[in-house]
Amino acid sequence: MGGETLERIEHLAAEIARHSHLYYNLATPEINDAEFDTLWDELKRLSPNHPQLRRVGAEVPAGSVKVDHRFPMRSLDKATTDKEIFHFVQETTAEGRRFLAQPKLDGSALSLEYRRGRLVRAATRGNGERGEDVTANALRIPNIPHRLTWDGDCHVRGEVVMSLDVFKEKYADIAPNPRNLAAGSLRQKYVDSGKGDASDLIFLAYDARFISSDDAHPDSPNPPHFEYDSEIVHWLRSVGIEPAGDFVCEGDTVSAVTSAMISQTKYWTDNRDELPWEIDGVVFKLDDLSKRELLGMTAHHPRWALAWKFPPEEAVTVLMDVDWQTGRTGAVTPVARVAPVVVSGVTVENTTLHNAGEVERLGIHIGDKVRIVRRGDVIPKIIEVLGPAKSEDLVGRFHGDGSSFEAALPTRSMPEIPSTCPECESLLEIDGAFLRCNNLDCPARVIRTVLYWCRALEMDGIGQKLAEQLCDVGLVRTLPDLYRLSMADLLSLERMGEKSASNVLTQLESTRSLMLSKFLSALGLPGIGPELATSIAAEVGNLDTLMSMVEAKDDVTDMGHNPVIERLVAIDGVGQTVAFSLLEGLAVRCSIVIDLADILEITSEIPSSISSGVLDGKTFCITGTLSRPRKEIALAIKASGGKVVSTVSGKLDYLVAGESAGSKLEKAKRLGVSVLNESELDVIMSNNENSDSKTTANSSIQRSGTLDDWI
Ligand code: IVH
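Trainee: Give a description of the packing of helix 12 (residues 443–456) against helix 13 (residues 464–472) that names residues and reports values.
Mentor: Helix 13 packs onto helix 12 with a crossing angle of 135° between their chain directions and a minimal axis gap of 9 Å. With respect to helix 13, the axis of helix 12 lies oblique. Where helix 12 crosses over helix 13, the handedness of that crossing is right-handed. Where helix 12 abuts helix 13, its residues Val446, Ile447, Val450 and Leu451 lie against Gln464, Ala467, Glu468 and Cys471. Split into classes, the residues belonging to the contact of helix 12 with helix 13 amount to six nonpolar, one polar and one charged.

Below, the structure is given as structure tokens:
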């Protein structure tokens, strides 16, 4: 190959990289698609295996960048019976009884962001608020258009699935089911990482959201107006996206529409196997978009949708052995090892028995025949004991990788309930049905605590293997040790390169300063999840106060009151159990907490109880599109002493309405509730910042202390 050709190849590759960046990352292309294709074709001709041809779109490896979802990706409420469908219809319909019915695709959720009609970003669901950037992989999915036939700005949500045929042909050995593989292929960092090829995936859309014209690109066309979801489905098809389904169930009465919906569940039960990909139920969604708005959401799911799930699949196998595992909270749980059995397409060899109490309740013996059930993606469980197994019950069984299962029938015996921890051998405590290892330094607990901490703080550089390695070699014996790791420590580990080590250190460094709420939730105290941690941190304010409450946890007044517990149970969602769990959890981890507080900067929350200001005692509801995320506005309101609720009622004091506010605004007007726009709210808030000097004359308006003066 001549020097000139080499130079040309280099030039073409550089140009393709530059134009990809302009197109995918900046959405400011300098050339049109045909011109881009010409460059591509020439490079392909001159150097068919050039790595640039394998690099598509954005250069960011999947998962390395987090994406805040502009519209949160929620879950669905679940049902399994006809009665629950009837109840859902009754609860959701006032007049128009129309529901869109779509198969519930058993894959991995994906959000596609189109700007001016071009695909600029794709993200996984993540925790619903924040996902991972998987643009490079999404661009390889053949039926995802890089460009819509509409030039506007929108977010398209759907499910990525893999056809069963492709799965069986190419991947049955490397993944337990198509869903895992779809998720793995989507999140893989490099095209050839062996996790499955994104070009074997299929995207099916179930939702489209539009950016209000204020925020959209100035040259973008206005979003189309839809009254029904079924119109969005047809629109999706018209712009080049394949929807999940478009069947509409209608009826004049609650019973008639319920019966149409039940027919859909029957239809999909009978035709489930005809589809090329796996589905696990049927999703019903109220078709009328304005009625959806009226019904609203819970923190977990919309009230206008229901996922009816196929009944779980069951199978019979043999209990071969029972092992005990110590978890993060110290609970020691039995894991049943069973002869391999296929349940809903997955080979199961381990199942949970929950706790020691369950072992006794089932009266189970090793060597028994057992019935197991697997519901969706939940861990399979033993639901029934069918008596002693025979040798022939083990015949014709295969492991997940296809190799044959060779084992003799074990002698029938009761599973031994341990008295010491299987990991650290400390004496176990019996706590109702549970067995508990109370040794905080138990290696099994430390590994899981470290993992929990890293996941909560989004440090994906530290996964299961590394956490195990760090604990095994003794570099990490307790959580704070993580922050004492040096480059040399990390490099001394097997298979640890400089790049990964420095990535780990950077991630640790970035979590050295964190809010109290994050700190509390990442500690992983039993029973204290992120939501509760946030409410508790908002009430308590800072770590010192919290630790002094821990110290005073048993103090009781002459009148028999416990002020610490009373303060905690006044928090929304906190009852006696949570309060005790929090205080007890912190008390036993006292030295870890003190150590961490020394290493980290734990920033104070604005405590709700002491925050007072111009919004004191007033209730607010926020609606419409605003310039800042609603959560941020809600926090600011709370910091000024206000309360934020999600529904409009006559009792509401103020509705903060942004762009394209819909039914909530109408309702507020009808009920005579005062309406504020964002700048009016901002003026009032800035008054709160000056609330030390309640009347300031630094603006043309004379400010006074109470909100009512501003309306
Ligand atoms: S509608 C507010 N439709 O199921 C959420 N979801 O269990 C609206 N899913 O996260 C979702 N097929 O990823 C909808 N036809 C379908 C679906 C579907 C699968 C997934 C989706 C969601 C999960 C909830």
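Read on, since the account is not over.
Trainee: Explain the pattern of salt bridges residue by residue, including any values.
Mentor: Applying the stated criterion across every chain, the model contains 34 salt bridges. Glu458 is paired through a salt bridge with Arg130; the nearest N and O atoms lie 2.8 Å apart. Pair noted here: Glu458 is in the loop between helix 12 and helix 13 and Arg130 is in strand 6 (residues 130–132), with a separation of 328 residues, a long-range link. Exposure remark for Glu458: the relative accessible area of 29% places this residue in the partly exposed category. Across the pair Lys553 and Glu584 runs a salt bridge whose closest N-O atoms are separated by 3.5 Å. Here Glu584 lies in helix 20 (residues 576–588) and Lys553 lies in the loop between helix 18 (543–551) and helix 19 (563–569), a separation of 31 residues in the sequence.

Trainee: Tell me what's going on with the site of the ligand, and back it up with residues and numbers.
Mentor: Taken together, 14 residues form the shell around the ligand, and within it Gln102, Leu105, Glu159, Tyr206 and Lys285 come nearest. Between the ligand and Pro103, the relevant distance is 3.1 Å, taken from a nitrogen atom to a main-chain nitrogen or oxygen of the residue. At 3.0 Å, a backbone N or O of Leu105 approaches a nitrogen atom of the ligand. Protein coverage of the free-state accessible area of the ligand, which is 530 Å², stands at 90%.

Trainee: Explain the side chain of Thr351 to me, and be specific about the residues and the numbers.
Mentor: Mapped onto the elements, Thr351 comes out in strand 14 (residues 346–352). On the basis of relative accessibility, which here comes to 1%, the residue Thr351 falls in the buried class.

Trainee: Summarise the packing of aromatic side chains; cite the residues concerned and give the values.
Mentor: According to the stated counting rule, one finds 11 aromatic pairs in the structure shown. Plain terms: the ring middles of Phe88 and Phe99 are 5.6 Å apart, the flat faces sit at 50° to each other, and that makes the pair tilted. With Phe88 in helix 4 (residues 82–92) and Phe99 in strand 3 (residues 98–105), this residue pair connects regions lying 11 residues apart in the sequence. The buried category is assigned to Phe99, whose relative accessible area is 0%.

Trainee: Go over the nonpolar core, please, and point to the residues and values.
Mentor: The biggest cluster of nonpolar side chains holds 57 residues, and the ones touching the most others in it are Trp453, Leu482, Phe519, Ile536 and Leu568. At six residues, the largest contribution of residues to this core is made by helix 12. If near-sequence neighbours (up to four positions away) are discounted, Phe519 is found in contact with Trp453, Leu514, Leu543, Val593, Leu596, Leu600 and Ile602. Formed by 35 residues, the second largest nonpolar core is a distinct cluster that contains Val156, Tyr171, Leu236 and Ile241.

Trainee: Explain the sheet that holds strand 5 (residues 118–124) to me, using residue names and the numbers behind them.
Mentor: The sheet built from four strands is open, its strands ordered 5-4-7-8 with antiparallel pairing. Strands with a single pairing partner mark the edges of an open sheet, and in this sheet they are strand 5 and strand 8 (201–210). Taking each pair of neighbouring strands and ignoring which way they run, the sheet shows an average axis angle of 30°. Inspection of the sheet shows strand 4 (residues 108–115) paired to strand 5 by six bridges, in the antiparallel sense. The residue bridging Glu113 from the neighbouring strand is Arg121, located in strand 5. Set on the sheet, helix 8 (residues 229–239) makes contact with strand 7 (154–162) and strand 8; between it and strand 8 the angle comes to about 125°.

Trainee: Requested: an account of helix 21 (residues 590–599), with residues and values cited.
Mentor: Those residues of helix 21 that fall on the buried side of the exposure criterion are Ile592, Val593 and Leu596. Looking down the long axis of helix 21, one finds its buried residues gathered within 95° of arc, a one-sided arrangement. Set apart from the buried face of helix 21 by more than 90 degrees, the exposed residues are Ser591, Ile594 and Asp598. Each element contacted by the buried residues of helix 21 is listed here: helix 12, helix 16 (516–523), helix 18 and helix 20.

Trainee: An account of empty space enclosed by the protein is requested, with residue identities and associated values reported.
Mentor: Summed over all chains, the structure comprises one cavity of 30 Å³ or more. One number sums up the size of the largest cavity: a volume of about 150 Å³. Forming the walls of the largest cavity are Arg328, Leu440, Asp441, Arg445, Val446, Thr449, Arg477, Thr478, Leu479, Leu523, Arg589 and Ile592. With three residues, helix 12 is the largest single contributor of residues to the lining of the largest cavity. Residue composition of the lining of the largest cavity, by class: five nonpolar, two polar and five charged.

Trainee: Talk me through the sheet that holds strand 11 (residues 305–309); I want residue IDs and the actual numbers.
Mentor: Backbone-to-backbone hydrogen bonds pair the strands of a sheet. The strands run either parallel or antiparallel. Taken in spatial order, the five strands line up as 2-11-10-3-9 in an open sheet, and their pairing is mixed. On the outer flanks of this sheet lie strand 2 (78–79) and strand 9 (247–250), each paired with one strand and no other. Of the strand pairs in this sheet, strand 2 and strand 11 are connected by two bridges, and their pairing is parallel. Each residue of the ladder has a partner; that of Ala79, found in strand 11, is Trp308. Across the sheet, helix 4 lies against strand 2, strand 3, strand 10 (279–286) and strand 11, angled at about 175° from strand 11, the strand it touches most. Each of strand 3, strand 9 and strand 10 touches helix 8; the most contacted strand, strand 3, lies at about 50° to it.

Trainee: Tell me about the pairing of strand 4, and name the residues and values.
Mentor: Looking down a regular strand, the side chains alternate between one sheet face and the other. Across the eight residues that make up strand 4, a large majority, seven, are buried. Here strand 4 pairs with strand 7 via seven bridges, running antiparallel. Opposite Ser108, over in strand 7, you have Val160 as the bridge partner. Once strand 4 ends, the chain turns through two residues before running back antiparallel as strand 5, passing Arg116 with a positive phi of about 50°.

Trainee: Now, about the state of the cysteines: what can you tell me, with residues and values included?
Mentor: On inspection of all chains with the given rule, the structure shows zero disulfides. Counting only cysteine sulfurs, Cys424 is the nearest neighbor of Cys421, a cysteine outside any disulfide, at a range of 3.7 Å. Accessibility expressed as a relative area gives 1% for Cys421, which makes it buried. Of the cysteine sulfurs around Cys471, a residue in no disulfide, the closest is that of Cys454, at 9.9 Å. On the basis of relative accessible area, Cys471 is assigned to the buried category, the value being 12%.

Parameters at a glance
- Residues numbered from 1 in each chain as written.
- Predicted model: local features only at pLDDT ≥ 70, side-chain atom pairs only at ≥ 80, totals over all residues.
- Heavy atoms only, no water.
- Axes fitted to C-alpha atoms, helices over the stretch in contact; angles between N-to-C directions.
- Helix = DSSP H or I, 4+ residues; strand = E, 2+ residues; numbered from the N terminus.
- Parallel < 35°, antiparallel > 145°, perpendicular 65-115°, else oblique.
- Left-handed = near helix turned anticlockwise from the far one by under 90°.
- Contact = heavy atoms within 4.5 Å.
- Nonpolar A, V, L, I, M, F, W, Y, C, P; charged D, E, K, R; others polar.
- Salt bridge = Lys/Arg side-chain N within 4 Å of Asp/Glu carboxyl O.
- Buried < 20%, exposed > 50% of the residue type's maximum accessible area, 1.4 Å probe, protein only.
- Near = heavy atom within 4 Å.
- Polar contact = N/O pair within 3.5 Å; in protein donor to acceptor, adjacent residues only side chain to side chain.
- Areas by Shrake-Rupley, 256 points an atom, 1.4 Å probe, with all protein chains shown as cover.
- Phe/Tyr/Trp six-rings, centres within 6.5 Å; stacked < 30°, edge-to-face > 60°.
- Core = buried A, V, L, I, M, F, W, Y, C linked by side-chain atoms within 4.5 Å.
- Pairing = 2+ DSSP bridges.
- Arc of directions from axis to C-beta.
- 1 Å grid on protein atoms, 1.4 Å probe; cavity = no way out; pocket = protein on both sides within 12 Å on 5 of 7 lines; lining within 4 Å.
- Points joined across faces, edges and corners; volume = space filled by probe spheres on them.
- Disulfide = S-S within 2.5 Å.

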